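# Tertiary structure, described
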Amino acid sequence: MKDRYWLTQHRGVFYAMDSESRKKQSLRTRSKSEARRLLAAKNESARQPQLNLAMAKTYLSAHDPRMAERVWLDVMDEFCTHGKPSSQERSKRAMRSRDFDPIRNRKLVETAADDLLTILKTCGAATNNYLRRVHNLALGLGWLSWPVLAPKLWPKPTPKSKRGITAEEHEKLITATKNDEWRFFFEVLWETGASQSDAANLKAEDIDWEDKR
């Protein structure tokens, strides 16, 4: 296991260089022997969590050979196979969101609560909902041995306010639309108050032309 910190010196003062972040931290000493002891202590403190993780992976692999290697993309792919075909399509679109990029290829066993909180703090209610469901699916499948984020720590979704089109806006739209087919379609939407899905799936045969309903 490689050391995370290297010893460097600048103007007589020794520094610990972080090999991951490339940042330097002063050891506040000009004594090389003392600097080496401080550096060894920093490397040991960094090495212990890595050793613990390596040991955990070994035990998990004995239980499930793939457990230590699965990434969140594996869970997302599995998630998209659940439910009706229409639900699966919605799930696939949701999983393609850039909101999930930070964890998409991260191993499940190496995921920390901060990884999920970073996404939850910047995303909307939909991403919050899907991330929680993907997380719970990983738990249910036994691909996670424990929750990455406890249920009570998940932020409560705050949906954005929505409003409908006003009568004045509707009249402006009708007036500005020169295509008769589109204008009649807008009138149908206004009169029925159809949802997006209902409007998108509306067909001529869905209408009772005799009774006009």
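Going by the structure above, here's the rest.
Scope of this entry: the structure provided in the associated data block. (Residues numbered from 1 in each chain as written. Predicted model: local features only at pLDDT ≥ 70, side-chain atom pairs only at ≥ 80, totals over all residues. Heavy atoms only, no water.)

We now examine the overall build of the protein. Looking only at helices and strands, the protein features nine helices and three strands. Element order for the protein, N to C, with α for helix and β for strand: β-β-β-α-α-α-α-α-α-α-α-α. In the protein, which comprises 213 residues, the proportion classed as buried is 27%. Counting contacts in the protein only where the partners sit at least 6 residues apart, residues at least 24 apart contribute 49% of the total. When the accessible surface of the protein is split by element, carbon and sulfur atoms take 52% of a total near 15500 Å². (Helix = DSSP H or I, 4+ residues; strand = E, 2+ residues; numbered from the N terminus. Buried < 20%, exposed > 50% of the residue type's maximum accessible area, 1.4 Å probe, protein only. Contact = heavy atoms within 4.5 Å. Areas by Shrake-Rupley, 256 points an atom, 1.4 Å probe, with all protein chains shown as cover.)

A separate point is a nonpolar patch on the surface. On the surface, Ile 165, Leu 173 and Trp 190 cluster together into a nonpolar patch covering about 250 Å² of accessible area. Take Ile 165: it is sitting in the loop between α6 (125-140) and α7 (167-176). (Patch = residues over 30% accessible without salt bridge, like charges linked within 9 Å, V, L, I, M, F, W, Y side chains within 5 Å. Salt bridge = Lys/Arg side-chain N within 4 Å of Asp/Glu carboxyl O.)

Right, let's talk about the packing of aromatic side chains for a bit. Remark: the centre distance and the inter-plane angle together describe each pair of aromatic rings, the angle taken between the planes. Throughout the structure, instances matching the rule amount to four aromatic pairs. A ring pair is formed by Trp 182 and Phe 185, whose centres lie 6.0 Å apart and whose planes are at 75 degrees; its orientation type is edge-to-face. Highlighted residues: Trp 182 and Phe 185, both in helix α8 (residues 180-192), separated by three residues, approximately one helical turn. Using a relative accessible area of 48% as the deciding quantity, one classes Trp 182 as partly exposed. Summarising the aromatic geometry, the rings of Phe 185 and Phe 186 are spaced 6.4 Å apart at their centres and angled 45 degrees between planes, so their arrangement reads as tilted. The class for Phe 185 is partly exposed, based on a relative accessible area of 28%. In this structure an aromatic cluster arises from ring pairing among Trp 182, Phe 185 and Phe 186. Across from the ring centre of Phe 184, 5.8 Å away, lies the NZ or CZ of Arg 183, which sits over that ring. (Phe/Tyr/Trp six-rings, centres within 6.5 Å; stacked < 30°, edge-to-face > 60°. Lys NZ or Arg CZ within 6 Å of the ring centre and 35° of its normal.)

Where strands meet in a sheet, backbone hydrogen bonds hold them as pairs that are either parallel or antiparallel. With respect to topology, three strands assemble into an open sheet ordered β1-β2-β3, the strand pairing being antiparallel. At either margin of the open sheet sits one strand with a lone partner, and together these are β1 (5-10) and β3 (24-26). On average, adjacent strands in this sheet sit at an angle of 35 degrees to one another, irrespective of strand direction. In terms of strand pairing, β1 meets strand β2 (residues 13-18) through six bridges, oriented antiparallel. Each bridged residue has a counterpart across the sheet, and for Tyr 5 the counterpart in β2 is Asp 18. (Pairing = 2+ DSSP bridges. Axes fitted to C-alpha atoms, helices over the stretch in contact; angles between N-to-C directions.)

The next point concerns the packing of helix α2 (residues 72-79) against α6. The geometry of α2 relative to α6 is characterised by a closest axis approach of 10 Å and an angle of 100 degrees between their N-to-C directions. With respect to their mutual orientation, α2 and α6 come out roughly perpendicular. Across from Trp 72, Val 75, Met 76, Glu 78 and Phe 79 in α2, the residues of α6 making contact are Tyr 130, Arg 133, Val 134, His 135, Leu 137 and Ala 138. For the contact of α2 with α6, the residue count by class is eight nonpolar, one polar and two charged. (Parallel < 35°, antiparallel > 145°, perpendicular 65-115°, else oblique. Nonpolar A, V, L, I, M, F, W, Y, C, P; charged D, E, K, R; others polar.)

Once that is clear, we can look at the environment of Asp 99. Inspection of the secondary structure puts Asp 99 in the loop between α3 (85-95) and α4 (101-104). Sequence separation of Asp 99 and Leu 120 is 21 residues, and the distance between their C-alpha atoms is 8.9 Å. Apart from the residues lying within four places of it in its own chain, the contact partners of Asp 99 are Ile 119, Cys 123 and Thr 127. In this structure the side chain of Asp 99 is engaged in a polar contact, spanning 2.7 Å, whose partner is the side chain of Thr 127. (Polar contact = N/O pair within 3.5 Å; in protein donor to acceptor, adjacent residues only side chain to side chain.)

With that settled, the discussion passes to the pattern of salt bridges. Inspection of the entire model under this criterion finds seven salt bridges. Linking Lys 172 and Glu 168 is a salt bridge whose minimum nitrogen-to-oxygen distance equals 3.8 Å. Taken together, the residues Lys 172 and Glu 168, both in helix α7 and four residues apart, mark about one turn of the helix. Close ionic contact of Asp 180 with Arg 183 constitutes a salt bridge, the shortest N to O distance being 2.3 Å. With Asp 180 and Arg 183 both in helix α8, this residue pair falls three residues apart, about one helical turn.

Coordinates in, geometry out; function isn't part of it.
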